[in-house]
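Descriptive analysis of the structure
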There are 2 protein chains.
Amino acid sequence: ALAAPALAQGALPEIRWRCASSFPKSLDTIYGAGEHVARRVAALTDNKFQIRVFAAGEIVPGLAVADAVQNNTVEAAHTASYYFVGKDPPFAFDGAMPFGLNMRQINAWLQAGGGREVLQEFFAGYGLVSIPAGNTGAQMGGWFRKEIKTVADLNGLKFRVGGFAGNVLQKLGVVPQQIAGGDIYPALEKGTIDAAEWIGPYDDEKLGFNRVAPYYYYPGWWEGSLNLSFYVNKAKWEELPQLYKDALESACRDSTIETMAKYDVQNPPALRRLVASGTQLRAFPREVMQACYRATFELYEETAAKNPAFKKVYDHWRAFRDVQYQWFRVAESTFDNFAYFMHAQEQQRR
Amino acid sequence: ALAAPALAQGALPEIRWRCASSFPKSLDTIYGAGEHVARRVAALTDNKFQIRVFAAGEIVPGLAVADAVQNNTVEAAHTASYYFVGKDPPFAFDGAMPFGLNMRQINAWLQAGGGREVLQEFFAGYGLVSIPAGNTGAQMGGWFRKEIKTVADLNGLKFRVGGFAGNVLQKLGVVPQQIAGGDIYPALEKGTIDAAEWIGPYDDEKLGFNRVAPYYYYPGWWEGSLNLSFYVNKAKWEELPQLYKDALESACRDSTIETMAKYDVQNPPALRRLVASGTQLRAFPREVMQACYRATFELYEETAAKNPAFKKVYDHWRAFRDVQYQWFRVAESTFDNFAYFMHAQEQQRR
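The secondary structure content of chain A amounts to twelve helices and eleven strands. Over its C-alpha trace chain A gives a radius of gyration of 21 Å, about what one expects of a compact globule, namely 20 Å for 350 residues. Projecting the C-alpha coordinates of chain A onto the three principal axes gives extents of approximately 65 × 50 × 45 Å. Taking all 350 residues of chain A together, the buried fraction comes to 63%. Sequence separation of 24 or more characterises 79% of the internal contacts of chain A that already satisfy a separation of 6 or more.

Right under this line is the structure:
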């Protein structure tokens, strides 16, 4: 027999939460992913469970949201978990790892591959529950004032890049810079920095980097996809009625579908406009990619040797990645590569 | 001001729907996608909106579900729209088109690229509303008793393959066969047919094709992804309270996340088991792929010339595909290909 409907009993409480986003409103898609969650939760609970989203800095600084949720300053946050790699390296697995998982693969790992369960224990130590809520897909490698032709060109390069990617690139002579979004343009214009990575064409275009750095590199090998996370204070999560937990989980999944679709629709025309404005599109040279790949796995091994929590997640993640890569090389990537090749030929003939 | 909560007013009705699936219960992931929708809808409406899912043939034959929903024999169905390409070719755009869109791309087209709006008009003509609800990813090319080395090897080949792919292959001499899932194995064993495509490793393994056909080809170029659809009788849809519409929409998106994750987790170990059992994995030769690609676009042009409804959707779809392919060749596929290449090298060294 079914349990008596809780709503019919009037048993479900009115709940008001505040959600601190790590993103400014100007990044309408990634910030919008948090608002999408809030909107769906309200719609699914007849407005009884309301989450108000605040942009980065409105009530909590963008990079302080994990602490704010842990301390129950706010009940929730919408963020990218790799922002907290400095707090504790395993956070990064929940967001993006260099040469890691693409959107399909991280979705598989988190939603059905045991990744979320492995991370759950880690997050519980910080009093957090993390729910996947949005994805950017593969990001771009960023804007460079000069071309990168060899690994030697990385030496001394002042590159605005964060997290693990910064640590990897340090091994190759890069001087990683931490600069907030709004300060990148003047730094790049004056030459205080030589290069900066941000997100992808749609978001990058808004900050106008094409006017001060001619070379736009790909791929952002440190973000083959970026999983976005909806953090909830663990005690607050446990207090939620089951219907609200279900609504929040479904709203977060809904948000992944929505955000990924929006980025995939918005990025292509933005890239066209950038190229039309004179932006030079460049692939990182293979030699550079290979050096970065080797440095990445050196860093992973070093970090795993020092940090048992990292090692635990890393072992699970890496075994999953092994199996996924083998599979994706078969039907998925053969289909994509052949279709793109034929299409490129057609475009040349037009 | 917010509208007064409808649930609190007791204004929301108890609704019971029947949903006819096109899939048997033995295909637990694809059939499960429909059940996932039903389960989420119930959870999100405090069990007031209940959908009971019936397997193919229980109340409606698997390939008759579109008619059954149109006639209101059942309120809903869970299906693959290309099953109805014989009824009217534009149905196929909602499922999969040969050399069409991968999972990310069809999600983008339907959810944010205007595809759903274009198809909505078409579906309305059949009294249907179609909501994306699940995806299989890129499928395999099927099981062959003999190797395919040249286009000439397709001549006279009796291949169990349906829809547009069958029509494309007919141009190259294939004799397409329509055979229900359960009848494929004996036909392949006896040599009544030479080859059969089904889904991917996880589902194919269950039917035991590896015991009667040694060669397992990839990719299934006719299904770079298969979008699954939740059909609702249009009049019944319009009668739903807004909260139930929202619950159904979110549940369907939730189901896409769930189903895609499950297939991506289940397929790799199934493929390993098949290869361990002696299955010979083969890529379709490039010459064969190219001939199929050309025949596909000939067929599209011929169909568009005869069917204005097809042309309308095709023009939208093809323009979207152009833009998506250009974009996916940049960051997304460069990331994937490089990472897979490095990984394959590592695996060889182990």
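Structure's up, so let's keep going.
Note on the identical chains: chain B maps onto chain A by a rotation of 180° and an axial translation of 0.0 Å, with an RMSD of 0.0 Å. Viewed as a symmetry operation, the transformation between the two copies matches a two-fold axis.

Quick look at the sheet that holds strand S7 (residues 175–177) of chain B now. Pairing between sheet strands relies on hydrogen bonds along the backbone, with the strands arranged either parallel or antiparallel. Residue and element names in this part refer to chain B. An order of S7-S6-S8-S5-S9-S11 is seen for the six strands of this open sheet, with the pairing classed as mixed. At either margin of the open sheet sits one strand with a lone partner, and together these are S7 and strand S11 (280–283). Across four bridges, strand S9 (residues 215–218) lies against S11 in parallel orientation. Within S11, the residue paired with Tyr216 across the bridge is Leu281.

Counting residues in each nonpolar core, the largest one holds 250 residues, and the members touching the most others are A:Phe230, A:Leu248, B:Phe230 and B:Leu248. Lining this core are residues from two domains, each supplying at least three of them: domain 1 (15–134 + 225–266) and domain 2 (142–223 + 280–319) of chain B. Excluding residues within four positions of it along the chain, A:Leu248 makes contact with A:Trp17, A:Val37, A:Val41, A:Ile51, A:Ile131, A:Phe230, A:Val232, A:Trp237 and A:Leu240.

For the structure shown, the criterion picks out 76 aromatic pairs over all chains. Here A:Tyr314 and A:Trp317 contribute two aromatic rings whose centre-to-centre distance is 6.1 Å and whose plane-to-plane angle is 25°, an arrangement assigned as stacked. With A:Tyr314 and A:Trp317 both in helix H11 (residues 308–328) and three residues apart, the pair spans about one turn of that helix. With relative accessibility at 2%, the residue A:Tyr314 sits in the buried group. The class for A:Trp317 is buried, based on a relative accessible area of 2%. Relative to B:Tyr340, the ring of A:Tyr325 lies with its centre 4.9 Å away and its plane at 70°, an arrangement referred to as edge-to-face. You can see A:Tyr325 sitting in helix H11 and its partner B:Tyr340 sitting in helix H12 (residues 331–349), one on each of two chains. Pair check on accessibility: A:Tyr325 and B:Tyr340 agree, each one buried. Its end group placed over the ring of B:Phe341, A:Arg286 keeps NZ or CZ at 4.5 Å from the ring centre.

Each partner contributes to the interface: chain B provides 87 residues, whereas chain A provides 87 residues. For the pair chain B and chain A, the number of links is ten salt bridges. When the shortest N-O distance is used, the salt bridge between B:Glu346 and A:Arg318 registers 3.5 Å. Between chain B and chain A we count 36 residue pairs in polar contact (both at pLDDT 80 or more) in total. Elements with a minimum of two residues in the side of chain B that touches chain A: helix H1 (28–44), helix H3 (103–111), helix H9 (242–276), helix H10 (286–306), helix H11 (308–328) and H12 of chain B. Here the element with the most residues in the side of chain B that touches chain A is H9(B); it accounts for 19 residues. Tallied by class, the residues present in the side of chain B that touches chain A amount to 42 nonpolar, 25 polar and 20 charged.

What follows covers helix H1 (residues 28–44) of chain A. Residues and elements named next belong to chain A. Its 17 residues give H1 an end-to-end C-alpha distance of 23 Å, which sits within 8% of 24 Å, the value for a rise of 1.5 Å per residue. Maximum bend of H1: about 30°, positioned at Gly34. Judged by how many residues are buried, H1 sits mostly within the fold: 13 of 17 residues are covered. Taken from the residues just after H1, Asp46 is the one with a positive phi, measuring 60°.

So, about the pairing of strand S4 (residues 128–135) of chain B. All names here are of chain B. Burial analysis of S4 places eight of its eight residues in the buried class, the great majority of the element. One ladder, built from six bridges, connects S4 with strand S10 (residues 227–233); its direction is antiparallel. Across the sheet, residue Pro132 finds its bridge partner in S10, namely Ser229.

So, on to the environment of A:Ser130. Residue and element names in this part refer to chain A. Within the secondary structure layout, Ser130 lies in strand S4 (residues 128–135). Expressed as a C-alpha distance, the spacing of Ser130 and Val323, which sit 193 residues apart in the sequence, is 25 Å. Excluding anything up to four places from it in sequence, Ser130 contacts Ser81, Asp94, Arg116, Phe123, Ser229, Phe230 and Tyr231.

Counted by the stated rule, this structure contains 50 salt bridges over all chains. Among the salt bridges present, the one from A:Glu298 reaches A:Lys171, with a minimum N-O distance of 3.4 Å. One end of the pair, A:Glu298, is in helix H10 (residues 286–306); the other, A:Lys171, is in the loop between helix H5 (163–170) and strand S7 (175–177), with 127 residues separating them in the sequence. The exposure class assigned to A:Lys171 is partly exposed, which follows from its relative accessible area of 34%. Across the salt bridge formed by B:Lys25 and B:Glu58, the nearest N and O atoms sit 3.5 Å from each other. In this pair, B:Lys25 sits in the loop between strand S1 (15–21) and H1 while B:Glu58 sits in the loop between strand S2 (49–54) and helix H2 (65–70), placing the two residues 33 residues apart along the sequence. Relative accessible area serves as the criterion here: at 44%, B:Glu58 is assigned to the partly exposed category.

Conventions we followed
- Residues numbered from 1 in each chain as written.
- Chains lettered and ligands numbered in written order.
- Predicted model: local features only at pLDDT ≥ 70, side-chain atom pairs only at ≥ 80, totals over all residues.
- Heavy atoms only, no water.
- Helix = DSSP H or I, 4+ residues; strand = E, 2+ residues; numbered from the N terminus.
- Rg over C-alpha atoms; globule rule 2.2 N^0.38 Å.
- Buried < 20%, exposed > 50% of the residue type's maximum accessible area, 1.4 Å probe, protein only.
- Contact = heavy atoms within 4.5 Å.
- Least-squares fit on C-alpha atoms with pLDDT ≥ 70 in both.
- Pairing = 2+ DSSP bridges.
- Core = buried A, V, L, I, M, F, W, Y, C linked by side-chain atoms within 4.5 Å.
- Domains from an automatic or database assignment.
- Phe/Tyr/Trp six-rings, centres within 6.5 Å; stacked < 30°, edge-to-face > 60°.
- Lys NZ or Arg CZ within 6 Å of the ring centre and 35° of its normal.
- Salt bridge = Lys/Arg side-chain N within 4 Å of Asp/Glu carboxyl O.
- Polar contact = N/O pair within 3.5 Å; in protein donor to acceptor, adjacent residues only side chain to side chain.
- Nonpolar A, V, L, I, M, F, W, Y, C, P; charged D, E, K, R; others polar.
- Expected span 1.5 Å × (residues − 1).
- Bend = angle between axes of the 7 residues up to and from the residue.

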